[in-house]
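Working through the structure, step by step
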Amino acid sequence: MMKLKSPPVNSLSLELLTEFAISLEKLENNRACRGVIITSSVPKIFSSGLDITEMCGKSMEHYTEFWRAVQEIWLRVYSSSMVTVAAVNGSSPAGGCLIALSCDYRIMAENPKFSIGLNEAQLGIVAPFWFKDTFVNVVGHRIAERSLQLGSLHSAPEAHKLGLVDELVPEEKLMEKAAAVMAQWLALPDHARQLTKTMMRKPVVDRLVAHREEDIKNFVTFISKESIQKSLRMYMEMLKKRKS
Ligand code: CO8
């Protein structure tokens, strides 16, 4: 089991992404480890997505390094040879949702206050093609198109209805259920399951691998624009105002 732990909101900073990638690599290289449950140790929040402060007022070099780390974590989770189960025990916007979508199976706590979705459009930014591909492969084109354009955050029951998460369970049953699902998936021979997973996911993975540098360039150009920086600053202010 891997628990994201970076209070207050598990935002995916360069540091957290790097640690996450190293931990995954270790598990991947450990032959005794065949599956991983990804969850959060922060109450009510699975992950608040990419750390917005990493995308605000930093250098081009920093944006480059940060985006490479975001790509890396997606490549690792999405193409993991292990069984990956997301136990979504809280809200999970944007990058947090991407982590969950990249797993083989998603179970979410049944709390209508918890929401999940790719809400990038609400921040005035655009989810890259591989976020979109991952989303489409889970919920289908129509739902993804509407949800991405509106930057929707779906409550847990709504997310379940849309197929964004596979199952809802009462919060106290989440880990027990995740373990049961893991056992079910691990009952199959690894090689057959892994080859099947590769068959389903390789085209999407290959697309990013083939365009990785171009994707970094696009991100850096986009995020460096003054208009985008302004949108992000306004969004951060809105988060703070909402609190007070
Ligand atoms: N990054 C950095 N700081 C954050 C983030 C974040 N993603 N989310 C919250 N924070 C900060 C808040 O500003 C606040 O800071 P402070 O204490 O200094 O005021 C602190 O964390 C606590 O936040 P809240 O008070 O809002 O905590 P709540 O428990 O009330 O709410 C939520 C938690 C629901 C997670 C809420 O904070 C929230 O909605 N956060 C925003 C989440 C979001 O929209 N994330 C999107 C990030 S963008 C992304 O992941 C993909 C980008 C793709 C890039 C494509 C570009 C081309």
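That block above? That's the structure.
First things first, this report covers the structure right here in the doc. (Residues numbered from 1 in each chain as written. Predicted model: local features only at pLDDT ≥ 70, side-chain atom pairs only at ≥ 80, totals over all residues. Heavy atoms only, no water.)

1. Examining the pairing of strand β4 (residues 83–88)
Here β4 lies mainly inside the structure; 6 of its 6 residues are buried. Neither face of β4 is left uncovered, since the one carrying Val83, Val85 and Ala87 and the one carrying Thr84, Ala86 and Val88 both have all their residues buried. Where β4 and strand β6 (residues 105–109) come together, 4 bridges link them in parallel fashion. Following the sheet pairing, valine 88 is matched in β6 by methionine 108. (Buried < 20%, exposed > 50% of the residue type's maximum accessible area, 1.4 Å probe, protein only. Helix = DSSP H or I, 4+ residues; strand = E, 2+ residues; numbered from the N terminus. Pairing = 2+ DSSP bridges.)

2. With respect to the site of the ligand
Close to the ligand lie 26 residues, the nearest being Leu50, Ile52, Tyr235, Arg242 and Lys243. Within the contact set of the ligand, a nitrogen atom lies 2.9 Å away from a backbone nitrogen or oxygen of serine 48. One of the side-chain N or O atoms of asparagine 119 is found 3.0 Å from an oxygen atom in the ligand. Contact with the protein chains removes 80% of the 1,100 Å² of surface that the ligand exposes when unbound. (Near = heavy atom within 4 Å. Polar contact = N/O pair within 3.5 Å; in protein donor to acceptor, adjacent residues only side chain to side chain. Areas by Shrake-Rupley, 256 points an atom, 1.4 Å probe, with all protein chains shown as cover.)

3. Notes on the sheet that holds strand β5 (residues 90–93)
Strand order in the open sheet made by the 4 strands is β3-β5-β7-β8, with mixed pairing throughout. Strands at the two margins of the open sheet, each flanked by one partner only, are β3 (44–45) and β8 (154–155). Bridge analysis of β5 against strand β7 (residues 115–117) gives 2 bridges, and the strand direction is parallel. When the bridges of β7 are listed, serine 92 appears paired with isoleucine 116.

4. Side note on the pattern of salt bridges
Taken as a whole, this structure holds 14 salt bridges when the rule is applied. The closest approach of N and O atoms between lysine 197 and aspartate 104, which form a salt bridge, is 3.0 Å. With lysine 197 in helix α8 (residues 190–210) and aspartate 104 in the loop between α3 (95–101) and β6, the pair connects residues that are 93 residues apart, well separated along the chain. Taken individually, lysine 197 and aspartate 104 each receive the classification buried, so the pair is uniform in this respect. A salt bridge links aspartate 133 to arginine 207; the nearest nitrogen and oxygen atoms lie 2.8 Å apart. You can see aspartate 133 sitting in helix α4 (residues 129–139) and its partner arginine 207 sitting in helix α8, a full 74 residues away along the chain. Here aspartate 133 falls in the buried class, since its relative accessible area comes to 8%. Among the ionic contacts, a cluster of salt bridges with common partners joins Glu25, Glu72, Arg76 and Arg212. (Salt bridge = Lys/Arg side-chain N within 4 Å of Asp/Glu carboxyl O.)

Keep in mind these values describe shape, not function.
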